[in-house]
Amino acid sequence: QGIIVSITTCFIAIGKFGRSFQKAVQRILGTAVAIFWSVFVVLTLHLTVNQAMIATFPYVFVCLLLLDRKRPYPMDCAAFTAFILLFQEKPFVSNEDFLREVTFRMSTVGIGVIQFIVVE
């Protein structure tokens, strides 16, 4: 799980600081959108794993339709982070486990962004 910090740092690290900082903010926004979707699917709709997968495909399709060619990163991140959160190797035992994982994911992305800013 801790590898997310390093992956986040590597993915946002590009040539210029201004552009990299924008990408860092976009990473946080994309992850937040995916978390909102995942929480909605699990805690509000109470879907089973199969139902959540079926409901997530249109979400991903909409995310990819909304891609801005100049700034594709937030919607890419939103699309694929939802799958990562919802369909992990081991299923969630309870809603508390799910919320713990979602909180952990957002915190590791935040740490990765902060790590990048400090290193940059």
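Residues numbered from 1 in each chain as written. Predicted model: local features only at pLDDT ≥ 70, side-chain atom pairs only at ≥ 80, totals over all residues. Heavy atoms only, no water.

> Report on the overall build of the protein chain, specifying residues and quantitative values.
In terms of regular secondary structure, the protein chain is built from five helices and zero strands. When the helices and strands of the protein chain are placed in sequence order, the string is α-α-α-α-α. Split into buried and exposed, the 120 residues of the protein chain put 37% on the buried side. When contacts within the protein chain are restricted to residue pairs at least 6 apart in sequence, those whose partners lie at least 24 apart make up 67%. Within the structure as shown, the protein chain displays about 7,400 Å² of accessible surface, and the carbon and sulfur contribution to it stands at 69%. (Helix = DSSP H or I, 4+ residues; strand = E, 2+ residues; numbered from the N terminus. Buried < 20%, exposed > 50% of the residue type's maximum accessible area, 1.4 Å probe, protein only. Contact = heavy atoms within 4.5 Å. Areas by Shrake-Rupley, 256 points an atom, 1.4 Å probe, with all protein chains shown as cover.)

> I'd love a proper account of the packing of aromatic side chains, names of residues and values included.
Counting across every chain of the model gives four aromatic pairs. When the ring of W37 is compared with that of Y59, the centres are 4.8 Å apart and the planes differ by 5°; the resulting orientation is stacked. One end of the pair, W37, is in helix α2 (residues 17-44); the other, Y59, is in helix α3 (residues 49-65), with 22 residues separating them in the sequence. Classification of Y59 by relative accessible area gives buried; the value is 9%. Summarising the aromatic geometry, the rings of F83 and F87 are spaced 5.5 Å apart at their centres and angled 40° between planes, so their arrangement reads as tilted. (Phe/Tyr/Trp six-rings, centres within 6.5 Å; stacked < 30°, edge-to-face > 60°.)

> How would you summarise the layout of surface pockets if you had to cite specific residues and measurements?
Over the atoms, a rolling probe the size of a water molecule traces out where space has been left empty. By volume, the largest pocket amounts to about 330 Å³. Of all elements in the fold, only α3 and α5 (95-119) reach the threshold of two or more residues within the lining of the largest pocket. Across the lining of the largest pocket, the residue classes break down as ten nonpolar, five polar and one charged. (1 Å grid on protein atoms, 1.4 Å probe; cavity = no way out; pocket = protein on both sides within 12 Å on 5 of 7 lines; lining within 4 Å. Points joined across faces, edges and corners; volume = space filled by probe spheres on them. Nonpolar A, V, L, I, M, F, W, Y, C, P; charged D, E, K, R; others polar.)

> Can you tell me about the pattern of salt bridges, naming the residues and giving the values?
Summed over all chains, the structure comprises one salt bridge. Note that R100 and D97 form a salt bridge whose closest N and O atoms lie 2.7 Å from each other. Note that R100 and D97 are positioned in helix α5 at a spacing of three residues, about one turn of the helix. A relative accessible area of 53% means that R100 is categorised as exposed. (Salt bridge = Lys/Arg side-chain N within 4 Å of Asp/Glu carboxyl O.)

So yeah, pure geometry; function would need other evidence.
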